[in-house]
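# Overview (structure and organization)
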Amino acid sequence: MRLFPFATALLFAFLTASPTSSAGAASWDDTVAKARDQEVFWNAWGGDERINAYIAWAGMRVWEDYGVTVRHVKLADTADAVARVLAEKAAGRTDGGSVDLIWINGENFAAMKENGLLFGPFAEQLPNFKLVDVAGKPSTRVDFTVPVEGLEAPWGMAKINFIYDSARVTETPASIPEFLDWAKANPGRFTYPAPPDFIGSTFLKQVLIELTPDPAALQKPAPKAAATFAAATEPLWRYLEALHPYLWRGGKAYPATGTAQIQLLDDGEVDIAISFYPSDAASMMLNDRLPESARVFVLKDGTIGNTHFVAIPFNARAKEGAMVLANFLMSPEAQARKQTLEAWGDQTVLDMEKLTTDERRQFDPPKDAPALLSPAALGPTLLEPHPSWMTRIETEWQRRFGS
Amino acid sequence: MATALRQLKPVLAGAWLRWVPALTLALFLAPVGAGLIGTWLPAFGYFPTLGGTAIGLAPWRELFSYPGLGTSVWLSLCSGVLATAISMGLTIGFVAACHNTPVFVRLRRLLAPLLAVPHLAIAVGLSFLIAPSGWILRLISPWATGWQVPPDVALVQDPYGLALTFALVVKETPFLLLMTIAALDQARAGDRLAVARSLGYGPVTAWIKTVLPAIYPQIRLPIYAVLAYSLSVVDMAIFLAPQTPPPLAILVFRWFNDPDLAMRFVGAAGAVLQLALVMAAICLWRLAEWGADRLGRRWLTAGGRGGSGRLAREVAGSAMTGLYGIAAASLLGLALWSLARRWPYPEALPVTWTLDNWVRQAYGLWWAGGTTLLTAVAAAAAALALTLGCLENEQRRGLTTSGRGLWLLYAPLLVPQVGFLFGVQVLLVRLDFDGTWIALIWSHLLFVLPYVFLSLADSYRRLDPRYARAALCLGASPNRVFWRVKLPMLMRPVLFAAAVGFAVSVAQYLPTLFAGAGRFVTLTTEAVALAGGADRRVLGVYAFMQALLPLLAFAAVLALPARRHRASAAPPGAPAGVPL
C-alpha cells in the first residue's frame, strides 16, 4: 500500500502530460501494430438495415487503414452477447473469448461493470477521445449515473423526442401535464411501449423527472425504504392512473416494442410515438417508413438524453483490433458519416470546437429535412436517473398496471 | 451410389447397432444434462459467477410474488391447450370427413408451403391481416366503414390471447395434418375403411370408428410436441399476445434478457415452472385421452352406422380451406410488403412499389443460405441415422420400446430454449468446442432429433412385422430386410421425418448464436435480428427466404415418393391404401 501515493502521482503525471507525449504515442503505435490482421467480432443489435450497412462500411474502412477485419454479429438483443460473456466466465475462459466488442449502454453496462465482465480502462487512452465533448455532453463519461471510468468508448447520442403526424395533429403538448390534456382531448391516439421495453421505461422516467418533488434524488440510488420511494414516485402513479383511460386500447394493451409503436404511428392507429433518436423521424421518412407529414417535437423543460457506447469484454481475443475500431468510430470521418440521414442520422459525440473547419463542415445539417430539429430546438437534455430507479419503477408498473 | 450404399451396410450390422441407442443418449446426455443443470441450479440460487453460492428458495419466492404471474400461467395454459385442441380437432375432422375427396387431394398438395413458412412470418403476416389497421379493414375502408383512421379495438393482443391461439392453429394444423397423413399408410386405412363401408357404415363414421383408433397412437407424440410448443412459444407471442401480463414464456425470456443479471435466478425458476406447466398440460391431455377412450368405447361398438357425412364434409372442408386461405392471405400481405416502398392506411395496396428491399438483401444471402443448407442437411441426416439405428435395434432385440432413458430426447422441446441453452453454452466453452461446425450441428441436433424421432418412431414401430418375418423366412439377412423391405416400405415417413428435421434446423436462432459463437450467419439469424426493427418490408423478404429451403424439402418429399411407395409397398391384390 505504500506504493499507492507514488502510483497515483505517476498516473497523474501521465494524465496531465500533453496528448502527443512520446510514451502515449508509442503505446498507441504498439496497439495499432498488434491490431493488424486481427479479426474483431463486433456484437451489435442488428434490427436496422441502415445501421447494419453503416457497421459494414466502418469495417471496410478499418480494414483499409489498419488491416483489421470486422465481423458484425447481428443480435436480436444485446443480452445475448452479455449471456455469451457470462457463459465464458462461468466456464473459466479468461482469454480468447468470442466477443471482441459490444454495442452497449445503461443497465447492460452497469451489470457488466459490476460483474467484472469488461476490459479496461481503455477508452480515454484512444487518440480520438480528446475530440469528445465531455463537458457539453456529460453522459459520455457518466452512463445512467454510473461512472464510465474508461470501460466503454462513446459512440453516439440519443435523446427522447416525439414523432407526430402533422396531417392529423396541429397542437402538440409541451410538457408532461399537457400530455394528459392532449390525451383527454384525443382519446385512444397515444400509447407507450410496455415496460421493460426501454422506450416505455424511459417514458416513465421522463414523467418521473418532471413530476417528482426532488429530481436531484433520482441521481442517487433509489431509496431502500418503501415510504421514501413511494413519496418520490407517487406523482408518477397518480399521473399514469389519470392518463391510461385515454390511451390507445384504453390503456388495456400496449405495443411490445418501441419499433412496433412507430409502426402504429405509420398505420394511423396512434398520432404520437416516442423515439430515442432525434433524427429517427427524418431518417425514416427518407426511407419511406413514415409519411411526408411526420414531424418532431420535444418538451420545453427538456427530455432525457444518454450516450451509447462500445465496450470490450474482459476476455476478448482481439482487444487491440477492438480498440482500433472503437477509435475509428470516434473519428470525425466516421462520426460525420453516421450523422447523415442517408447513413443513419445518429448524433455525434464530438465537440465541434475541437475540430478543424473542414472537419466541422461535414457535420452541417441537411438543408431539406423538415422533421429534423436543430440542436438548439431539441431543448435541454435531462440526465438519466440511477439504474436502480428503472428496476424499481418497472416492477411497480408491473404490479399496478401489468397484471 | 449403389455400391457405396452396399459398402455401408455392414456398418449397420448387429454388433454396431446395439450401441446406437447408447450413442444417441451419450450425444444427448451431456448437453441435456448441462442444459438442465444450467436451469435447475440457478433456480435454487446457485450460480457462482453471479455471486450465487447458497442453495435456497429465494428465486422461487421472487417468482411467485411477481405481479400477474397467475394470469400469465393461465394465459399460457389456455392459449396452448386451446390451440392444440382446435388444431387436432380440425385435422381429424378434416381427414375423417374429406378423405378421398378432391378438396383433400388439393389441400394435401398445398401442404408444403404452409409447413415451410416460419412461425415469425405467420405471426407478422397474420397480425397485419387482422389488425384494426390491417389488410382486411384496408380493403373495406373508408368506403364501406367510414373509418378514416383505424378503429380502436383490440383485434390483436386481445386480453384472452385469442389472436395468439388463432395463429398457433394456423401454424400447427398443417404439421398435425402431415403427421396424420404419414400415419395413414401404416394403419392400412384403406383396408379398414373398405371393411367398415361394406358393413354399411357411413364414410365419416367408418373413419372415426375404424381408422382413428388405429392412428391416434401414432400422432400422439406429435400432438404433445404441438402442445409443448404452443405453451412455450415466444416469437409469435411478442406480436400477438397481450403484454399486461404476457404469457409465461415471454416473462421467462424477459428475465433471462434482463440487463440486471440477478434476474437470471428468477428466470431459471420461471423456466422450471414452464417445464412443470408443459408436463402438467401433457398429463392433463393424457387424462383426457383416457376419458375419451372410456367414454368412446361404448359408442364405437354400439353399431351406429352414421349418415352420408355430407354436412360434415362441407363444414370440415370449408374450415380447412378457410385456414389455408388465412395463411395464404397472411403470406400474400407480407409478399406485397416486400415489394412496397410505402403502404399507408387505408390504401388497399401499396402506393409506391420497389425492388430495393430485395436488391439490398441479395448480398450475403448466398453465404447465409449456404451455411443454413449445410447445417440443416448435416443435422437432419445425423438425426435420421441415429433414429433409424435406435428403432431398428429395438426391433431386432425384440424390445417393445427403447429404454425409459429416451424421454430425455424430448427434454430440449419441453424446456424454454433461453434457459436451457445457457448450460449447453457453458459446456461447449468448457470443451473449447464453441464456434465450430461440430458444435453448431450438435446443438441443432438437440432440437432436430426429437422431431425426427417423434415423426418416425410410431410409423416404424407399427409397420406390420409379418413383412419382415416373411422376408427372413425367405432367407434374407436382417440387414437385407432393413434395406430392401422396411426402408422402401417406410420411405414416405422416413423422408417426411427428414424434411421435418431439415425445417426445424433451418429455423433455429438461439442454438446457432450460442453454439456458433456468432461465427455462423444463417438466414434465420439474419431474419430474427432484423425482426427487431419491425420493418414489414424486410421481414417479407426474409420470411420468403427462410421459407424457401424447407419449402423445397417438403415439396420434394410430398411429390417424389408417392409413386415409388405405392408400387413397392402395396401387397398384390390389396387396396392401394388411401390415394394421396
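Located above this text is the structure these notes cover.
Residues numbered from 1 in each chain as written. Chains lettered and ligands numbered in written order. Predicted model: local features only at pLDDT ≥ 70, side-chain atom pairs only at ≥ 80, totals over all residues. Heavy atoms only, no water.

### Some words on the overall build of chain B
Counting its secondary structure elements, chain B contains 27 helices and two strands. Taking 2.2 N^0.38 as the reference for a compact globule, 580 residues should give roughly 25 Å; the C-alpha atoms of chain B span a radius of gyration of 25 Å, in line with that estimate. Seen along its three principal axes, the alpha-carbon backbone of chain B occupies a region of about 70 × 65 × 50 Å. Across the 580 residues that make up chain B, the buried fraction comes to 58%. Considering only residue pairs separated by 6 or more positions, chain B has 79% of its internal contacts joining residues 24 or more positions apart. (Helix = DSSP H or I, 4+ residues; strand = E, 2+ residues; numbered from the N terminus. Rg over C-alpha atoms; globule rule 2.2 N^0.38 Å. Buried < 20%, exposed > 50% of the residue type's maximum accessible area, 1.4 Å probe, protein only. Contact = heavy atoms within 4.5 Å.)

### Details of the overall build of chain A
In terms of regular secondary structure, chain A is built from 14 helices and eleven strands. Whereas a compact globule of 403 residues would reach a radius of gyration of roughly 22 Å, chain A reaches 22 Å, a difference of no more than 12%. Going through the 403 residues of chain A one by one, you find that 60% of them count as buried. Considering only intrachain contacts with a sequence separation of at least 6, the fraction spanning at least 24 residues in chain A is 82%. Approximately 15900 Å² of chain A is accessible, and the part contributed by carbon and sulfur atoms is 57%. Of the side-chain charges in chain A, 38 are positive and 50 negative, and the distance between the mean point of each set is 4 Å. (Areas by Shrake-Rupley, 256 points an atom, 1.4 Å probe, with all protein chains shown as cover. Lys, Arg positive; Asp, Glu negative; His and termini not counted. Charge placed at Lys NZ, Arg CZ, Asp CG, Glu CD.)

### What about the sheet that holds strand β9 (residues 294-297) of chain A?
Residues and elements named next belong to chain A. Taken together, three strands build an open sheet; the order of strands is β8-β7-β9 and the sheet is antiparallel. The outermost strands of the open sheet, each flanked by one partner alone, are β8 (272-275) and β9. The sheet shows a mean angle of 30° between the axes of neighbouring strands, direction not considered. Pairing between strand β7 (residues 161-165) and β8: four bridges, direction antiparallel. Bridge pairing in β8 places Phe162 opposite Ile274. (Pairing = 2+ DSSP bridges. Axes fitted to C-alpha atoms, helices over the stretch in contact; angles between N-to-C directions.)

### Brief notes about the environment of B:Leu539
Residues and elements named next belong to chain B. Tracing the chain through its elements places Leu539 in helix α26 (residues 536-559). Judged by relative accessible area, which is 7%, Leu539 ranks as buried. For the pair Leu539 and Ala527, spaced twelve residues apart in sequence, the C-alpha to C-alpha distance is 6.9 Å. Discounting chain neighbours no more than four positions away, the residues touching Leu539 are Leu120, Val124, Ala527 and Ala531.

### Observations concerning the interface of chain A and chain B
On the chain B side, the residues contacting the 68 residues of chain A number 57 residues. Of the roughly 5200 Å² buried between chain A and chain B on both sides combined, carbon and sulfur atoms contribute 51%. The tally of links between chain A and chain B comes to eleven salt bridges. Of the charged contacts in the structure, one is a salt bridge between B:Arg341 and A:Asp288, with a shortest N-O distance of 2.5 Å. Residue assignment for the side of chain A that touches chain B shows that the elements contributing at least two residues are β1 (39-45), α3 (49-66), β2 (69-75), α4 (78-90), α5 (106-114), α9 (258-266) and α14 (387-401) of chain A. Tallying contributions element by element places α4(A) first for the side of chain A that touches chain B, with ten residues. (Buried area = accessible area lost by both parts, 1.4 Å probe. Salt bridge = Lys/Arg side-chain N within 4 Å of Asp/Glu carboxyl O.)

### As for the nonpolar core
The nonpolar side chains of a soluble globular protein tend to be buried, and buried together. Formed by 217 residues in total, the largest nonpolar core has its most connected members in B:Phe175, B:Trp207, B:Trp255 and B:Phe554. Examining the composition of this core, we find that 16 residues originate from one element, helix α12 (residues 203-232) of chain B, more than from any other. Setting aside anything within four residues of it in sequence, one finds B:Trp255 in contact with B:Leu63, B:Tyr66, B:Leu69, B:Met263, B:Arg264, B:Val266, B:Gly267 and B:Gly270. By size, the runner-up hydrophobic cluster in this structure holds 45 residues, among which are A:Ala322, A:Met323, A:Ala343 and A:Phe363. (Core = buried A, V, L, I, M, F, W, Y, C linked by side-chain atoms within 4.5 Å.)

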